[in-house]
Amino acid sequence: MPEHVLTPPDPSLYDQLAAGTAPPIAEPVSVVIFGGAGDLAHRKLLPALYNLHLDGLLPPRVAITGVGRKSMTDDDYREFARTGIESFSRRPIDSHAWPTFAANLFWASASIDGSLASLGARLDVVEHERGLPGDRLYYLAVPPSLFVPTVQQLDRARFIVKGTARPAARIVVEKPIGHDLESARTINDAIAQVFDEHQVYRIDHYLGKETVQNILVLRFANSIFEPLFNQKYIDHVQVTVAEAEGVGNRAGYYESAGALRDMVQNHLLQLLCLVAMEPPRSLDADVIRDEKLEVLQSLRPLHGEDVDASTVRGRYEAGFVMGQPVPGYREESGVDPASRTETFVALRLWIDNWRWAGVPFFLRTGKRLPKRASEISVHLKEVPPILFNRNPGTRLDPNILSIRIQPDEGFALGISSKIPGPRVRVYPVQMDFHYGSTFGASSPEAYERLLLDVMAGDQTLFMRRDQVEAAWQWVMPILDRWASDSTASIPTYAAGEWGPPEADQLIRAMGREWKAP
Ligand code: BG6
């Protein structure tokens, strides 16, 4: 770990904090949010920072400065934050905690088309008044097209000290990192001109979810599962990330993205990495990230006709979700009526390494599916067709480990049990764990954990440059194949169904069925 990090470089700092065994983060920091008056800041970042404040996890001296074109006073910005917190925070405004939090909030009008000199002057004043040494965290909550210009402007305005000198700077960027491999490299190159990799935090918010972090704990803190996680015992693995929502007001972005870029290239492949990776030798950020990279690099490339045989895309049409009528994707506001953007993807893939040889992985994600539910299910092989599993007409259900990412967080293990009584009758039962009933309080939001980790200088839950590019590399032939034939029909599904029938055929062709989460 470099010496210039803002706080002690302890990877388990958050856990110590949560357990009350570590002092709160003491290093002062100035958080600068580009796009400070945008949707992400309103819905996620400011509520997350507020919740960290409630838990006493923010450094005692901190400034949070929103930056944007709008002309606003600090008080206006505090009001903007308040409305965001009222609507989107997991905990309500507390009349004692709010004033001390609000006092940390500032607004600076600036445009990255112009010079950032006045922003620099404003930050200097804010930091001087609050006794902050100038260590800054720049959060780019702006559209991806502004990543490169913003980074270049920060450089031009001499805001950034590269390397280990003080004051230290960190940068946080949101997905999507690029539109394809080439544009991802362009963004990463531009960032690397100005920041060292250890100063860069690429967010995949799925990695901040409690249940996602628990995958490693489940696998490596229990001796029951890890010996089974390989081709000898596992029949196949499914990852489903289902959304009931449609495209909402994000058509401008989504039309040029689609489900493969929006969800698979990042969130689903990250989940896959956590399920499939080898045990890391330590919890060090780069050791974990190296193991995840290995998985991405072991994915069997899909080319040409392999793409047709291994992928299904779909687009929702009008239908009903939770009893409510909803329009089709092409009828959504801002969507081209002849759009070819996919709102659903199902994939079959293989990990060509010793552990997973011959085990198919099935991934699917989509909008306007019957409900919001994300789950990873690990399907064990059937027991031999003898003893209790001898009758071909009444085969036993294979054991399934279901890791429920959201919304009903927890996991379940399906096992066979004898029904009480004089006869031997076997019935599938569930051993079920629910976060809600076991741990009570609501889990921290992903952004709380992620922002805390950026402040603490822990990169474990962030995507390294090579991971992002390896994921794009695997996804590119699929995108290229789909783009190569602009007349190929795209299967459709009625909103409220589990994708097009082709997705069922994809898995049935392998003798398996999707498991409803
Ligand atoms: C985002 C995607 O990354 O993740 C959205 O851009 C999607 O399209 C969202 O809706 C899903 O996140 P979550 O946390 O609600 O599952």
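The shown structure was predicted, so the numbers you read here are calculated from the model rather than taken from an experiment.

Concerning the site of the ligand
All residues in the neighbourhood of the ligand are listed as Lys175, His205, Tyr206, Lys209, Glu243, Arg250, Asp262, Met263, His267, Lys367, Arg372 and Gln406. Between the ligand and Glu243, the relevant distance is 2.5 Å, taken from an oxygen atom to a side-chain nitrogen or oxygen of the residue. When isolated, the ligand has an accessible area of 400 Å², and the protein chains bury 81% of it. In terms of residues, the shell around the ligand owes the most to one element, helix H10 (residues 258-276), which gives three residues. Its residues placed into classes, the shell around the ligand shows two nonpolar, three polar and seven charged.

Structural notes on unusual backbone geometry
Cis geometry is adopted by the peptide bond preceding Pro176, which originates at Lys175 and carries an omega value of 0°. Inspection of the secondary structure assignment puts Pro176 in the loop between strand S5 (169-174) and helix H7 (181-194). Residues Gln406 and Pro407 are joined by a peptide bond in cis, for which omega reads 0°. Of note in this structure, Arg368 is not a glycine but carries a positive phi near 55°. Looking at the element boundaries, Arg368 is found in the loop between strand S12 (360-366) and strand S13 (373-380). Despite not being glycine, Leu387 shows a phi value in the positive range, around 50°. If you trace the backbone, Leu387 turns up in the loop between S13 and strand S14 (400-406).

Details of H7
A rise of 1.5 Å per residue sets the reference length of H7, with its 14 residues, at 20 Å; its end C-alpha atoms lie 20 Å apart and thus fit the reference within 8%. Looking at H7, one finds that the buried residues are Leu181, Ala184, Ile187, Asn188, Ala190, Ile191 and Val194. Looking at the buried residues of H7, the elements they touch are helix H6 (147-156), S5, strand S6 (200-203) and helix H15 (465-484).

What counts, and at which threshold
- Residues numbered from 1 in each chain as written.
- Predicted model: local features only at pLDDT ≥ 70, side-chain atom pairs only at ≥ 80, totals over all residues.
- Heavy atoms only, no water.
- Near = heavy atom within 4 Å.
- Polar contact = N/O pair within 3.5 Å; in protein donor to acceptor, adjacent residues only side chain to side chain.
- Areas by Shrake-Rupley, 256 points an atom, 1.4 Å probe, with all protein chains shown as cover.
- Helix = DSSP H or I, 4+ residues; strand = E, 2+ residues; numbered from the N terminus.
- Nonpolar A, V, L, I, M, F, W, Y, C, P; charged D, E, K, R; others polar.
- Expected span 1.5 Å × (residues − 1).
- Buried < 20%, exposed > 50% of the residue type's maximum accessible area, 1.4 Å probe, protein only.
- Contact = heavy atoms within 4.5 Å.

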